[in-house]
Amino acid sequence: MDPFAPLGRFVDVRGQKCGHSPDDTPATDCPTDATWHIMWNTDGDVGLACDPHMAEARRRFVFVDAHRVGPDCSMPGTLWDFDNQRCVYLDEPTVESAAAEQPANA
């Protein structure tokens, strides 16, 4: 058995935009690529943020958890892995720590 994690292919996560929009209109959407995945509440409502807007969220709001955007964030069927600070699929070894009842797709 190979003790090393299968790294797989590199997935480009650029292009997932920050969800900050002060007036909730396309004209005020943040054009910056997202760097953070945020779980806003225990209902599993999630969003994406760039570094400056994540800093603002940390100052202004209470939220359940956040982690750096990864290749599985915002993909259908992923779960939020609180212990390892990432999104995972059911067949990954870290699924025991994932919140199966909380959807991670934004």
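Residues numbered from 1 in each chain as written. Predicted model: local features only at pLDDT ≥ 70, side-chain atom pairs only at ≥ 80, totals over all residues. Heavy atoms only, no water.

Engineer: Sorry if this is basic, but what is going on with the pattern of salt bridges here?
Structural biologist: What the rule picks out here adds up to 3 salt bridges. Among the salt bridges present, the one from Asp51 reaches Arg68, with a minimum N-O distance of 3.0 Å. Here Arg68 lies in strand β3 (residues 65-68) and Asp51 lies in helix α1 (residues 51-60), a separation of 17 residues in the sequence. (Salt bridge = Lys/Arg side-chain N within 4 Å of Asp/Glu carboxyl O. Helix = DSSP H or I, 4+ residues; strand = E, 2+ residues; numbered from the N terminus.)

Engineer: Just to check I follow, could you spell out the state of the cysteines for this structure?
Structural biologist: Each disulfide consists of a covalent bond between the sulfur atoms of two cysteine residues. Following the criterion strictly, the structure yields 0 disulfides and no others. For Cys18, which is in no disulfide, the shortest distance to another cysteine sulfur is to Cys50 and amounts to 3.8 Å. For the unlinked cysteine Cys87, the closest cysteine sulfur is that of Cys73, found at 3.7 Å. Its relative accessible area of 3% is what places Cys87 among the buried residues. (Disulfide = S-S within 2.5 Å. Buried < 20%, exposed > 50% of the residue type's maximum accessible area, 1.4 Å probe, protein only.)

Engineer: Can you walk me through the pairing of strand β1 (residues 36-39) in this structure?
Structural biologist: Every regular strand shows the same layout, with side chains that alternate between the two sheet faces. Of the two faces of β1, both are covered, the one formed by Trp36 and Ile38 as well as the one formed by His37 and Met39. Here 4 bridges tie β1 to strand β2 (residues 46-49), and the two strands are oriented antiparallel to one another. Residue pairing in the sheet places Ile38 in a bridge with Gly47 of β2. Linking two consecutive strands that pair antiparallel, namely β1 and β2, is a turn of 6 residues; a positive phi of about 85° is found at Gly44 within it. (Pairing = 2+ DSSP bridges.)

Engineer: Looking at this structure, how should I read the packing of aromatic side chains?
Structural biologist: Each aromatic ring pair is described using two quantities: the centre-to-centre distance and the angle formed by the ring planes. Scanning the model with the defined rule gives 3 aromatic pairs in all. Between Trp40 and Phe61, the ring centres sit 6.1 Å apart and the planes meet at 90°, which makes this aromatic pair edge-to-face. Of this pair, Trp40 sits in the loop between β1 and β2 while Phe61 sits in the loop between α1 and β3; the two residues are 21 residues apart in sequence, bridging distant segments of the chain. Overall, Trp40 belongs to the partly exposed group, its relative accessible area being 31%. When its relative accessible area of 42% is taken as the criterion, Phe61 is described as partly exposed. Look at Trp40 and Phe63: their rings are 6.0 Å apart centre to centre, the planes differ by 80°, and that puts the pair in the edge-to-face class. Of the two residues, Trp40 is situated in the loop between β1 and β2 and Phe63 in the loop between α1 and β3; the sequence distance between them amounts to 23 residues. Assessed through its relative accessible area of 18%, Phe63 is described here as buried. An aromatic cluster of three or more residues is present, and its members are Trp40, Phe61 and Phe63. (Phe/Tyr/Trp six-rings, centres within 6.5 Å; stacked < 30°, edge-to-face > 60°.)

Engineer: Could you clarify how one ought to interpret the environment of Trp36 in this entry?
Structural biologist: Residue position: Trp36 is located in strand β1. C-alpha of Trp36 to C-alpha of Ala66: the two residues are 30 residues apart in sequence and 6.7 Å apart in space. Separated by 3.0 Å, the side chains of Trp36 and Asp51 make a polar contact. (Polar contact = N/O pair within 3.5 Å; in protein donor to acceptor, adjacent residues only side chain to side chain.)

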